[in-house]
Amino acid sequence: MANHFSSLKRVRITERRTEVNRMRKSRLRHAIRAMRRAVEKKDVAAATALLPQTFSLVDRAAKWGIIKDNTASRYKSRLHNRLKSLTSTPAAA
(Lines give C-alpha, C1' and ligand atoms only; values in the text may rest on other atoms or scores of the structure.)
Protein backbone atom coordinates (compact mmCIF):
# COMPACT_ATOMS: atom_id res chain seq x y z
CA MET A 1 0.00 0.00 0.00
CA ALA A 2 1.15 3.55 -0.68
CA ASN A 3 2.70 5.47 2.19
CA HIS A 4 3.18 9.02 0.89
CA PHE A 5 0.36 11.53 0.96
CA SER A 6 0.68 12.13 -2.77
CA SER A 7 0.53 8.38 -3.46
CA LEU A 8 -2.55 8.00 -1.30
CA LYS A 9 -4.19 10.88 -3.13
CA ARG A 10 -3.34 9.32 -6.50
CA VAL A 11 -4.95 6.06 -5.33
CA ARG A 12 -8.15 7.93 -4.40
CA ILE A 13 -8.21 9.79 -7.71
CA THR A 14 -7.58 6.61 -9.68
CA GLU A 15 -10.47 4.86 -7.93
CA ARG A 16 -12.82 7.75 -8.80
CA ARG A 17 -11.66 7.92 -12.41
CA THR A 18 -11.96 4.14 -12.79
CA GLU A 19 -15.56 4.27 -11.57
CA VAL A 20 -16.41 7.10 -13.98
CA ASN A 21 -14.77 5.30 -16.89
CA ARG A 22 -16.60 2.10 -16.02
CA MET A 23 -19.93 3.97 -16.04
CA ARG A 24 -19.16 5.62 -19.36
CA LYS A 25 -18.11 2.37 -21.00
CA SER A 26 -21.22 0.61 -19.72
CA ARG A 27 -23.41 3.44 -21.06
CA LEU A 28 -21.67 3.17 -24.43
CA ARG A 29 -22.21 -0.58 -24.60
CA HIS A 30 -25.90 -0.21 -23.71
CA ALA A 31 -26.40 2.39 -26.44
CA ILE A 32 -24.70 0.22 -29.07
CA ARG A 33 -26.69 -2.80 -27.93
CA ALA A 34 -29.99 -0.89 -28.17
CA MET A 35 -29.09 0.27 -31.67
CA ARG A 36 -28.20 -3.26 -32.79
CA ARG A 37 -31.43 -4.66 -31.35
CA ALA A 38 -33.49 -2.04 -33.17
CA VAL A 39 -31.79 -2.99 -36.43
CA GLU A 40 -32.29 -6.71 -35.78
CA LYS A 41 -36.01 -6.12 -35.19
CA LYS A 42 -36.07 -4.17 -38.47
CA ASP A 43 -37.47 -1.16 -36.62
CA VAL A 44 -36.27 1.59 -38.95
CA ALA A 45 -37.89 4.44 -37.01
CA ALA A 46 -36.33 3.44 -33.69
CA ALA A 47 -32.93 2.75 -35.24
CA THR A 48 -32.95 6.09 -37.05
CA ALA A 49 -33.87 7.87 -33.82
CA LEU A 50 -31.11 6.08 -31.89
CA LEU A 51 -28.41 6.73 -34.51
CA PRO A 52 -27.43 10.33 -33.56
CA GLN A 53 -27.49 9.57 -29.83
CA THR A 54 -25.33 6.48 -30.30
CA PHE A 55 -22.88 8.28 -32.57
CA SER A 56 -22.60 11.08 -30.01
CA LEU A 57 -21.79 8.60 -27.24
CA VAL A 58 -19.24 6.81 -29.42
CA ASP A 59 -17.53 10.09 -30.29
CA ARG A 60 -17.44 11.19 -26.66
CA ALA A 61 -16.08 7.82 -25.55
CA ALA A 62 -13.27 8.21 -28.08
CA LYS A 63 -12.59 11.75 -26.86
CA TRP A 64 -12.45 10.59 -23.24
CA GLY A 65 -10.10 7.74 -24.15
CA ILE A 66 -12.56 4.97 -23.27
CA ILE A 67 -12.13 3.56 -26.78
CA LYS A 68 -9.62 4.40 -29.49
CA ASP A 69 -10.44 6.64 -32.43
CA ASN A 70 -10.31 3.85 -35.01
CA THR A 71 -12.56 1.69 -32.85
CA ALA A 72 -15.08 4.53 -32.68
CA SER A 73 -14.95 4.94 -36.45
CA ARG A 74 -15.44 1.21 -36.94
CA TYR A 75 -18.46 1.12 -34.61
CA LYS A 76 -20.05 4.07 -36.36
CA SER A 77 -19.38 2.69 -39.82
CA ARG A 78 -20.80 -0.74 -39.06
CA LEU A 79 -23.89 0.63 -37.33
CA HIS A 80 -24.53 3.02 -40.20
CA ASN A 81 -24.08 0.27 -42.79
CA ARG A 82 -26.54 -1.97 -40.95
CA LEU A 83 -29.10 0.81 -40.87
CA LYS A 84 -28.52 1.63 -44.56
CA SER A 85 -29.00 -2.00 -45.56
CA LEU A 86 -32.20 -2.09 -43.54
CA THR A 87 -33.63 1.03 -45.18
CA SER A 88 -32.59 0.10 -48.72
CA THR A 89 -34.05 -3.44 -48.61
CA PRO A 90 -37.78 -2.49 -48.87
CA ALA A 91 -37.14 -0.15 -51.80
CA ALA A 92 -35.40 -2.88 -53.81
CA ALA A 93 -38.19 -5.39 -53.18
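Because the structure is predicted, anything quoted here is derived from the model rather than measured.

### Structural notes on the overall build of the protein
What the protein contains, in helices and strands, is 3 helices and 0 strands. Order of helices (α) and strands (β) in the protein, N terminus to C terminus: α-α-α. Here the protein has a C-alpha radius of gyration of 18 Å; the compact-globule value for 93 residues is 12 Å, and the former is much larger. Seen through its principal axes, the protein has C-alpha atoms that stretch 70 × 20 × 15 Å. Of all 93 residues assigned to the protein, the portion counted as buried reaches 24%. Here the contacts in the protein between residues at least 6 apart in sequence split such that 54% fall between residues at least 24 apart. When the accessible surface of the protein is split by element, carbon and sulfur atoms take 53% of a total near 7000 Å². For the protein, the centre of its 23 positive side-chain charges and the centre of its 6 negative side-chain charges are spaced 3 Å apart.

### Some words on unusual backbone geometry
Negative phi values dominate among residues other than glycine, just as trans dominates among peptide bonds. One non-glycine residue, Lys 42, lies in positive phi territory at about 60°. In this structure, Lys 42 sits in the loop between helix H1 (5-40) and helix H2 (44-64).

### A short note on the environment of Pro 52
Along the chain, Pro 52 falls in helix H2. Pro 52 sits 48 residues away from His 4 along the chain, and the two C-alpha atoms are 46 Å apart.

### Observations concerning the nonpolar core
Ranked by size, the top nonpolar core spans 10 residues in total: Leu 28, Ala 31, Ile 32, Leu 57, Val 58, Ala 61, Ala 62, Ile 66, Ile 67 and Ala 72. Of all the secondary structure elements, the ones that give two or more residues to this core are H1 and H2. Aside from chain neighbours lying at most four places away, what touches Ala 61 is Leu 28, Ile 66 and Ile 67. Counting 9 residues, the second-largest nonpolar core is a separate cluster that includes Ala 38, Leu 51, Leu 79 and Leu 86.

### Examining H1
Counted at 1.5 Å a residue, the expected span for H1 with its 36 residues is 52 Å, and the 52 Å between its end C-alpha atoms agrees. At the exit of H1 stands Lys 42, carrying a positive phi of roughly 60°.

### Section: the packing of H1 against H2
Contact pair H1 / H2: the axes reach a minimum separation of 9 Å and the direction vectors enclose 155°. Considering the angle they form, H1 stands roughly antiparallel to H2. Seen along the crossing, H1 lies across H2 with a hand that is left-handed. Residue-level inspection shows Arg 24, Arg 27, Leu 28, Ala 31, Ile 32, Ala 34, Met 35, Ala 38 and Val 39 of H1 in contact with H2, the latter providing Ala 46, Ala 47, Leu 50, Leu 51, Thr 54, Leu 57, Val 58, Arg 60, Ala 61 and Trp 64.

### Overview of the packing of aromatic side chains
Using the criterion set out here, one finds 0 aromatic pairs in the structure. The residue whose ring lies beneath Arg 24 is Trp 64, and the NZ or CZ to ring-centre distance is 3.7 Å.

### As for the pattern of salt bridges
Per the counting criterion, the structure on display carries 2 salt bridges. With its nearest N and O atoms 3.3 Å apart, the salt bridge here joins Glu 19 to Arg 22. In this pair, Glu 19 and Arg 22 both sit in helix H1, 3 residues apart, roughly one turn of the helix. The partner of Lys 76 in a salt bridge is Asp 59, and the shortest N-O contact between them spans 2.8 Å. Here Lys 76 is found in helix H3 (residues 69-92), whereas its partner Asp 59 is found in helix H2, with 17 residues between them in sequence.

Quick notes on the rules
Residues numbered from 1 in each chain as written. Predicted model: local features only at pLDDT ≥ 70, side-chain atom pairs only at ≥ 80, totals over all residues. Heavy atoms only, no water. Helix = DSSP H or I, 4+ residues; strand = E, 2+ residues; numbered from the N terminus. Rg over C-alpha atoms; globule rule 2.2 N^0.38 Å. Buried < 20%, exposed > 50% of the residue type's maximum accessible area, 1.4 Å probe, protein only. Contact = heavy atoms within 4.5 Å. Areas by Shrake-Rupley, 256 points an atom, 1.4 Å probe, with all protein chains shown as cover. Lys, Arg positive; Asp, Glu negative; His and termini not counted. Charge placed at Lys NZ, Arg CZ, Asp CG, Glu CD. Core = buried A, V, L, I, M, F, W, Y, C linked by side-chain atoms within 4.5 Å. Expected span 1.5 Å × (residues − 1). Axes fitted to C-alpha atoms, helices over the stretch in contact; angles between N-to-C directions. Parallel < 35°, antiparallel > 145°, perpendicular 65-115°, else oblique. Left-handed = near helix turned anticlockwise from the far one by under 90°. Phe/Tyr/Trp six-rings, centres within 6.5 Å; stacked < 30°, edge-to-face > 60°. Lys NZ or Arg CZ within 6 Å of the ring centre and 35° of its normal. Salt bridge = Lys/Arg side-chain N within 4 Å of Asp/Glu carboxyl O.

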